[in-house]
Amino acid sequence: MKSIQDIVDVVNENILSVIPTARVYGISKSVSRDGKIMPAVGEKYVGIDDVDSILVYHKLTGVVNGIVPNTGYGNSRGDQSNTFQMQMIVFNDSGRSKLRDWDLVMIMQANSPRRVNSSLYKAVNISFVSANLVSQQVYAQEYGNNPYPLSFNKSLFQINYIVQAIYIPGCFVECAEELICSN
Amino acid sequence: MGIYYPSGCDDIIPGHVCDPCDTIEQGRVRSVAFIKNGFAFSNIENPTEWQAGVASKDIILIPQVKGTFDGGAEVESAGYGDQATRLTGYNFQMQFQDPNYKGNCNFYNLLKNSRNYHAYYRTETQGHLIETTVQVIPKNPVTDDVNSEVVWDVLVKWSGKDLPCPQDVPPGIFDECVVAV
């Protein structure tokens, strides 16, 4: 497991294990198509459609870098920490999913992994931060000034979470092979 | 009866070195080595001698540690004349953590039984050789924190009259692990 996309894939696998009918996508970006803003993974549109009752895609909004205190050995000042600031955008057709938005947030939070094993990183920790359940706000963020189209039993909400990936500088492949210092 | 006081028994104290532009030496015990008693350096700053010692298994390198050296706790005994006490030596302690936990249990269990090694520790650019053999006391504590690391916590103790002196670190010796074969 070598990148944030791989970690997002693990989160998606956990979502599918509890909500098998959900359609999940990886890290998306806002793209312009025919003058309209919409989410896409590569060239593929991943936004709202009439097919899926629950649809999930992710967005990477930023990375915060820091040094983990008291973790340095030798000349190192410490392990590096990359905190990926993530959003999970969820479309919910509660008429078909039979799940309310806040119940869906709870299910996803309860079943998401807290820690992921990675050959690249020393530790990968996942933490849910907050959720925005105001559908109009999230729609405006994702689709710009397009008229809000969702009826009473359809909504778009956002779960904010962080992925903290800790690694030893200069030690990716080498650490995966476990060097042993001995005489 | 004449009183004879031997002359020339005072150590010659060298001049103090003062350089306002001197580069500072930054802290942390960053690397440690154990050198078998009897292995002698002709030039401890020469990396070739270190490589030969590692190859002959007379030198054990632990390149990446973090630790402290206490500077020595003074040992004083009764003084003479106008001196109430006099300094007779120090009890020294160096403590370091070794992050290579899983593969080194046998290593530390055997090292702790030996009194046949000198220790050497490195700060930023300077190495310090301990002239007497040392006692190594390793521990592997576990804390109640899922985000913590289990590492070797090693205490090295020795006694001596003199403080360890800094010398330039041999280039390249402590830069990377030596892979066990």
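Up top you'll find the structure we're talking about.
Note that the structure is a prediction, hence the values are computed from the model and not measured.

What counts, and where the lines are drawn
Residues numbered from 1 in each chain as written. Chains lettered and ligands numbered in written order. Predicted model: local features only at pLDDT ≥ 70, side-chain atom pairs only at ≥ 80, totals over all residues. Heavy atoms only, no water. Helix = DSSP H or I, 4+ residues; strand = E, 2+ residues; numbered from the N terminus. Buried < 20%, exposed > 50% of the residue type's maximum accessible area, 1.4 Å probe, protein only. Lys, Arg positive; Asp, Glu negative; His and termini not counted. Charge placed at Lys NZ, Arg CZ, Asp CG, Glu CD. Pairing = 2+ DSSP bridges. Expected span 1.5 Å × (residues − 1). Arc of directions from axis to C-beta. Contact = heavy atoms within 4.5 Å. Core = buried A, V, L, I, M, F, W, Y, C linked by side-chain atoms within 4.5 Å. Axes fitted to C-alpha atoms, helices over the stretch in contact; angles between N-to-C directions.

Student: I tried to follow the overall build of chain A on my own but got confused; where do I start?
Tutor: Along its length, chain A carries five helices and eight strands. Helices and strands appear in chain A in the N-to-C order α-β-β-β-β-β-α-α-β-β-α-β-α. Among the 183 residues that make up chain A, the fraction classed as buried is 47%. Looking at charge distribution, chain A has the averaged site of its 15 positive side-chain charges lying 4 Å from that of its 16 negative ones.

Student: In this structure, what is going on with the sheet that holds strand 4 (residues 54–67) of chain A? I would like to understand it.
Tutor: Sheets are built from strands paired through backbone hydrogen bonds, the pairs being either parallel or antiparallel. Residue and element names in this part refer to chain A. Here eight strands make up an open sheet; going across it, the order is 3-2-1-4-5-8-7-6 and the pairing mixed. Unpaired on one side and paired on the other, strand 3 (44–45) and strand 6 (115–116) mark the two borders of the sheet. Examined bridge by bridge, strand 5 (residues 80–93) and strand 8 (residues 154–167) share 14 bridges and lie antiparallel to one another. Of the residues in strand 8, the one forming a bridge with asparagine 82 is alanine 165.

Student: Looking at this structure, how should I read helix 1 (residues 4–18) of chain A?
Tutor: Residues spaced three or four apart along an α-helix face the same direction, because each turn holds 3.6 residues. Under the 1.5 Å per step criterion, the end-to-end length of helix 1 of chain A is 22 Å for 15 residues, consistent within 8% with the ideal 21 Å. Regarding helix 1 of chain A, the residues found buried are A:Ile4, A:Ile7, A:Val8, A:Val10, A:Val11, A:Asn12 and A:Ile15.

Student: I keep staring at helix 4 (residues 135–143) of chain A and nothing clicks. Help me out?
Tutor: Residues and elements named next belong to chain A. For helix 4, every residue scored as buried is listed here: Ser135, Val138, Tyr139, Glu142 and Tyr143. End-on, the buried residues of helix 4 take up no more than an arc of 105°, which puts them together on one face. Of the surrounding secondary structure, the elements contacted by the buried residues of helix 4 are strand 2 (36–41), strand 3, strand 4, strand 5, strand 7 (123–132) and strand 8. Positive backbone phi, at 65°, marks glycine 144, one or two positions downstream of helix 4.

Student: So what exactly am I meant to see when it comes to the pairing of strand 7 of chain A here?
Tutor: The side chains of a regular strand alternate between the sheet's two faces. All names here are of chain A. When strand 6 meets strand 7, the two strands line up antiparallel, connected through two bridges. The residue bridging valine 116 from the neighbouring strand is valine 124, located in strand 7. Taken together, strand 6 and the strand that follows it, strand 7, pair antiparallel across an intervening segment of six residues. Bridge analysis of strand 7 against strand 8 gives nine bridges, and the strand direction is antiparallel. Each bridged residue has a counterpart across the sheet, and for serine 130 the counterpart in strand 8 is asparagine 160.

Student: Explain the nonpolar core here, please?
Tutor: Within soluble globular proteins, side chains that are nonpolar tend to cluster in buried spots. Membership of the largest hydrophobic core comes to 30 residues, with the highest contact counts inside it found for A:Met88 and A:Val163. Within the residue set of this core, elements represented by two or more residues are helix 1, strand 4, strand 5, helix 3 (101–111), strand 7 and strand 8 of chain A. Not counting residues up to four positions away in its chain, the partners in contact with A:Val163 are A:Ile4, A:Ile7, A:Asn82, A:Thr83, A:Phe84, A:Met86, A:Val124, A:Asn125 and A:Ile126. Core analysis: the next-biggest nonpolar cluster, separate from the first, contains 23 residues, B:Tyr90, B:Met94, B:Ile130 and B:Trp152 among them.

Student: Looking at this model, I keep getting lost on the sheet that holds strand 7 (residues 126–133) of chain B. Mind explaining?
Tutor: Residues and elements named next belong to chain B. Read from one edge to the other, the open sheet built from five strands follows the order 2-1-6-7-10, with strand pairing classed as antiparallel. Both edges of this open sheet fall to strand 2 (59–62) and strand 10 (166–168), since each of them pairs with a single strand only. With direction set aside, neighbouring strand axes in the sheet form an average angle of 25°. Pairing between strand 7 and strand 10: three bridges, direction antiparallel. Paired with glycine 127 across the two strands is glutamine 167, which belongs to strand 10. Across the face of the sheet, helix 1 (residues 47–55) comes into contact with strand 1 (31–36), strand 2 and strand 6 (117–122) while running at roughly 105° to strand 2.

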